[in-house]
Amino acid sequence: MGAMARYNAKESEKHWQAEWDARALFATPSHSDKPKCYVLEMFPYPSGRIHMGHVRNYTMGDVIARFRRAQGYNVLHPMGWDAFGLPAENAARDKGVSPRDWTYENIAAMRGQLKMMGLSLDWSREFATCDVEYYHQQQKLFLDFYKAGFVYRSEADVNWDPVDMTVLANEQVIDGRGWRSGAIVERRKLSQWFFKITGFADELLQGLDTLDRWPEKVRVMQKNWIGKSEGLRFQFTLSNQTALDVFTTRPDTLFGASFVALSPEHPLAQELAKTDKKLAAFIEECRHIGTAEADIEKAEKKGYDTGLTAAHPFDTNWKLPVMVANFVLMGYGTGAIFGCPAHDQRDLDFARKYKLSVTPVVVPSDADPKTFEIGKEAYAGPGRLANSRFLDGMTVEQAKADVASRLEKDGIGERTVNFRLRDWLVSRQRPWGCPIPMIHCEKCGVVPVPKDQLPVKLPEVINFNVKGNPLDADTAWKITTCPTCKGHAVRDTDTLDTFADSSWYFTRFTNPDFDEPVDKQAADYWLPVDQYIGGIEHAILHLLYARYFTRAMSKLGLVKVAEPFAGLFTQGMVCHETYKDAEGAWVSPEEIEKRDGKVFLRSSGQEATVGASEKMSKSKKNTIAPETIIAEYGADTIRWFMLSDTPPERDIEWTDAGAEGCWRFVNRIYRLCTEAGDLPAPGTPVSADDEASKALRQASHKAIAAVTDHLEHLRFNSAVAQLYTLANAIGGAEKAGPAARREALEAIVLLSAPMMPHLAEACWQALGHSKLVAETAWPKYDAALTQSNSVTIPIQVNGKRRGEISMAKDADSKTVEAAALANDGVIRALEGKAPKKVIVVPNRIVNIVA
RNA sequence: GCCCCGGUGGUGGAAUGGUAGACGCGGCGGACUCAAAAUCCGUUGCCGAGAGGCGUGGGGGUUCAAGUCCCUCCCGGGGCACCA
């Protein structure tokens, strides 16, 4: 045994990364007899540096990729860059650099940082969405979608900055003002491109049921977002002889109606406001309550009586007042409703305020219809109809169907399905995105760019010293000829929402060099992604858009699958303590030091206050730079930290003490392997001859079984705990034979390899192997060795633990019962009483009922 | 308001209805050292000298047995929101 050698992570990691590269171990072959496994993490925006969130995300993905590779799968594990978007434009404007150069420089820097993490990525497939070749293929897809009728053009509101003469993204509008100019933002109508995602609303909803390896939470969020509701659309005839369309999901409550309400934005309300100043003022008031004040006014239901009445469809003598109400949304249904206060809380609040009638028409089964009354709470549950003429006695479902059928027969109603989901507006008036391959001709109108004239490339130089969209101002780029009539025409100067870029990149990874968007053979082999990993913040939009794209592509015959991600995992955030100085300004972790459980500023020695642990963010100055940690301890330590202790779906807190603990463990494994003493040659068969060897062998095989199972289920923290347990067993097994010790050491190296791949290679070499761990199969366990042949069985008396006995495994119940009753603690607890009943659960527990 | 998750030692967290607190961090005691670091050994839910008692947010229930299942309430986090 030599002096304790410390593991030189820096040198070792560089060395093994070079070895993996030299053997191209992670380049995925296009043909293989092995089963496939596609592991993917959400690709990053190239901001310039990786952060702890990336480290956590990519570590988890890498563990799965390496684990599956060792298990004999053909693994695809690619990486790329979500490279279009606003930050590059901002950098270009602020620093005068080209967005292209800025982006590619950031990519180079981040690629270097990711490589330092030792991720088993197939870098040969790397691309950025701003690569001409990628957006070229995306333009072809856009044209395919257009041809198939998945794309249409329509007017839509945009945020317009009248000073900068530009369209703003929602996040660029702060308190109603442009973030850069400070000008009050106006709403403007522009002709915009839409993807008709609503055409797939039902499919996208039903598809959720097939995604059994998605978090329930995400499926619920998507379901709510799509927001399907089935109901009835029908007409009221108003006192001014016009017809008013309303939508309801509760046609059964029609006899409980006490008013009809319009959205303030409803055309009829607008029309009436022209001659009714008070109504105009009310509508104006509603408009103001819009966003910020909504919280203050906190949902007080308000209305205005238009003086019109609506005739009840089943009794034309029955007149309902027509109100304009602030809680009716124009964007949902028809923008008009009938109110049934007894069975809808909003309607009830409204009715009480304006003293409208409240008639219960659905009575719960445990209530008496004669006396059932509505107080402050509307009743929305099941029951039988009452006060409803021909509907009386029916269930809610029966009454819904009956009303719908009658109104359909009368020709004034129709059953409809309503979705909350809207079509996807994809036009962006921005220069750093995928140009929309369309041409506007004075004579021919909107004409697609013929595929053989693609790509529509972004200009080499984008001039930001203009008002508005640089592409629009670039006449040389914009002016073109019409592909149809050869006449004067201009290009569409909008680019696609960057969510489009990330909606099919995983498909492109299956063959990124193909000269069409999709190599069907490759895509059909690799898709769906078996395990997708990313942040919960993408639970709705990115994942829904990607699902939509895949379905649309599937309809076009480009891919076989309808659902792109068979398995989804959403990891938690990385948090850190926050610090503030005496003035209340945020202070970064590097600026403080801890002494005697207190925190002081390094610069002044002043005491600082410690705040809650929060998501690492620049604004709260509580970030830790991954490269600093890697430089200090190496990539394996930071990877191990990210996997330890905290379940992967929860938020993890970065602590220095925890990082040091991880580094100590790295060294402990290294020492166990390098100071193992004499071991038999690799491959020597093991037999358990003595107790100590047998115990160690059992520990090894239990660990193999447990770690394998935990990794299968992404329980990284539990896998980590098992490895600590095995390390403890090896450390305490001086008496075990050399063969059993070799077996245990090899197990711990192979099992920890997906998490700490560089350390594993160094240890594997120290154990005398010439092949790399990255080329070595996952260890197998001997089931006989995962169980001991004697078991400790606790004995309870009346459910309280009073003793324990050691028994042979699978000993028969009578023997166990006799031993239990003979136990001292049990005898004491029984106090001479005879047991009434003895429950023996084999190998687990005995409970004596006295 | 509705829909999801959560609530376990000082702390992060384990636990197919069957020994609550595995494993890590931290603490305490010790060994080695001139000393420190590193390392190693022991110990560590609470009360109690001990026997023992009490303990998984509160209350109730099912069961031989409940952190786990059921009811109810409280607290924290997330999502959606006047969606008719």
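Below is a summary of the structure that appears in this document. Computed from a predicted model, the values in this text were never measured in an experiment. (Residues numbered from 1 in each chain as written. Chains lettered and ligands numbered in written order. Predicted model: local features only at pLDDT ≥ 70, side-chain atom pairs only at ≥ 80, totals over all residues. Heavy atoms only, no water.)

## Structural notes on the state of the cysteines
Under the counting rule described, the total for this entry stands at zero disulfides. The closest cysteine sulfur to the non-disulfide-bonded cysteine 662 is located on cysteine 763, 16 Å from its own sulfur. Residue classification places cysteine 662 among the buried residues on the basis of a relative accessible area of 4%. (Disulfide = S-S within 2.5 Å. Buried < 20%, exposed > 50% of the residue type's maximum accessible area, 1.4 Å probe, protein only.)

## Quick look at unusual backbone geometry
The peptide bond linking leucine 454 to proline 455 adopts the cis configuration, its omega dihedral lying at 0°. Within the fold, proline 455 resides in the loop between strand E20 (445-448) and helix H13 (470-473). In this model, leucine 527 is joined to proline 528 through a cis peptide bond whose omega is 0°. Note that proline 528 resides in the loop between helix H17 (520-526) and strand E24 (531-535). A positive phi is found at lysine 621, a non-glycine position, where the angle reads about 55°. When you line up the elements, lysine 621 lands in the loop between strand E30 (609-615) and helix H19 (626-633). (Helix = DSSP H or I, 4+ residues; strand = E, 2+ residues; numbered from the N terminus.)

## Here we look at the pattern of salt bridges
Under the defined criterion, the tally for this structure stands at 36 salt bridges. For glutamate 516, the salt bridge identified is with lysine 140, shortest N-O distance 3.6 Å. Taken together, the positions of glutamate 516 in the loop between helix H16 (505-508) and H17 and lysine 140 in helix H5 (residues 132-147) put the pair 376 residues apart, joining distant regions of the chain. Exposure remark for glutamate 516: the relative accessible area of 37% places this residue in the partly exposed category. Since its relative accessible area comes to 7%, lysine 140 is described here as buried. (Salt bridge = Lys/Arg side-chain N within 4 Å of Asp/Glu carboxyl O.)

## Section: the pairing of strand E22 (residues 488-491)
With three bridges joining them, strand E19 (residues 438-441) and E22 adopt antiparallel strand pairing. Counterpart to histidine 440 in the pairing with E22 is valine 490. Here strand E21 (residues 479-481) pairs with E22 via three bridges, running antiparallel. Across the sheet, threonine 481 pairs through a bridge with histidine 488, a residue of E22. (Pairing = 2+ DSSP bridges.)

## Comments concerning the sheet that holds strand E2 (residues 74-76)
Spatially, four strands are ordered E2-E1-E24-E25 in an open sheet, and the strand pairing comes out parallel. Two strands bound the open sheet, and with one partner strand each, they are E2 and strand E25 (568-571). Geometrically, the sheet is characterised by an average inter-axis angle of 20° between neighbouring strands, direction not taken into account. As defined by bridge partners, E24 adjoins E25 across four bridges and the pair is classed as parallel. (Axes fitted to C-alpha atoms, helices over the stretch in contact; angles between N-to-C directions.)

## As for the nonpolar core
With 168 residues, the main nonpolar core has Phe145, Tyr505, Tyr548, Phe549, Trp654 and Met755 as its most contacted residues. Those residues in contact with phenylalanine 549, other than ones at most four positions away along the chain, are Leu141, Phe145, Phe195, Trp424, Ala500, Ser503 and Trp504. One finds Phe236, Ala269, Leu272 and Val361 within the second-largest nonpolar core, a separate group that totals 38 residues. (Core = buried A, V, L, I, M, F, W, Y, C linked by side-chain atoms within 4.5 Å. Contact = heavy atoms within 4.5 Å.)

## Examining the sheet that holds strand E35 (residues 845-849)
Read across the open sheet, the four strands follow the order E33-E32-E35-E34; overall the sheet is mixed. The sheet terminates laterally at strand E33 (800-808) and strand E34 (837-841), the two strands that pair on one side only. The mean angle between the axes of side-by-side strands here comes to 20°, regardless of whether they run parallel or antiparallel. Bridge analysis of strand E32 (residues 790-797) against E35 gives three bridges, and the strand direction is parallel. Residue pairing in the sheet places isoleucine 795 in a bridge with valine 846 of E35. Along the sheet, helix H26 (residues 813-821) contacts E32, E33, E34 and E35; its crossing angle with E33, the most-contacted strand, is approximately 130°.

## Some words on the environment of valine 218
Mapped onto the fold, valine 218 is located in helix H7 (residues 216-226). C-alpha separation for the pair valine 218 and threonine 570, spaced 352 residues apart in sequence, amounts to 8.8 Å. Not counting the four nearest positions on each side in its chain, valine 218 is found in contact with Ile536, Ala539, Leu543, Leu568 and Thr570.

## A look at the protein's contact with RNA strand B
Contacts to RNA strand B come from 46 residues, most closely from Thr249, Tyr332, Arg346, Arg420 and Arg844. What you see for RNA strand B is that sugar and phosphate hold 62% of its atoms within 4 Å of the protein. Taking tyrosine 332, its side chain carries an N or O atom lying 3.1 Å from a phosphate oxygen of RNA strand B. Here a phosphate oxygen of RNA strand B and a side-chain polar atom of lysine 800 are 3.0 Å apart. When residues of the surface near RNA strand B are traced back to their parent elements, those giving at least two are H7, strand E9 (243-248), helix H21 (656-674), helix H23 (716-731), E32, E33, E34 and E35. Looking at side-chain class alone, the surface near RNA strand B contains 19 nonpolar, twelve polar and 15 charged residues. (Near = heavy atom within 4 Å. Polar contact = N/O pair within 3.5 Å; in protein donor to acceptor, adjacent residues only side chain to side chain. Nonpolar A, V, L, I, M, F, W, Y, C, P; charged D, E, K, R; others polar.)

## Examining the packing of aromatic side chains
Applying the stated criterion across every chain yields a total of 50 aromatic pairs. Measuring from ring centre to ring centre gives 4.7 Å for tyrosine 134 and tryptophan 504, while their planes differ by 15°; the resulting arrangement is stacked. One end of the pair, tyrosine 134, is in helix H5; the other, tryptophan 504, is in the loop between helix H15 (498-501) and H16, and 370 residues separate them in sequence. Taking the centre distance of 5.7 Å and the plane angle of 25° together, the rings of phenylalanine 255 and phenylalanine 314 count as stacked. In this pair, phenylalanine 255 sits in the loop between E9 and strand E10 (259-262) while phenylalanine 314 sits in the loop between strand E11 (303-312) and strand E12 (315-325), placing the two residues 59 residues apart along the sequence. Ring pairs connect the aromatic residues Phe142, Phe145, Tyr146, Phe150, Trp193, Phe195, Phe200, Trp424, Phe499, Tyr545, Tyr548 and Phe549, which therefore count as one cluster. We note arginine 66 situated over the ring of tryptophan 20; from NZ or CZ to the ring centre the distance is 4.4 Å. Taking the ring centre of tryptophan 477 as reference, the NZ or CZ of arginine 491 above it sits at 6.0 Å. (Phe/Tyr/Trp six-rings, centres within 6.5 Å; stacked < 30°, edge-to-face > 60°. Lys NZ or Arg CZ within 6 Å of the ring centre and 35° of its normal.)

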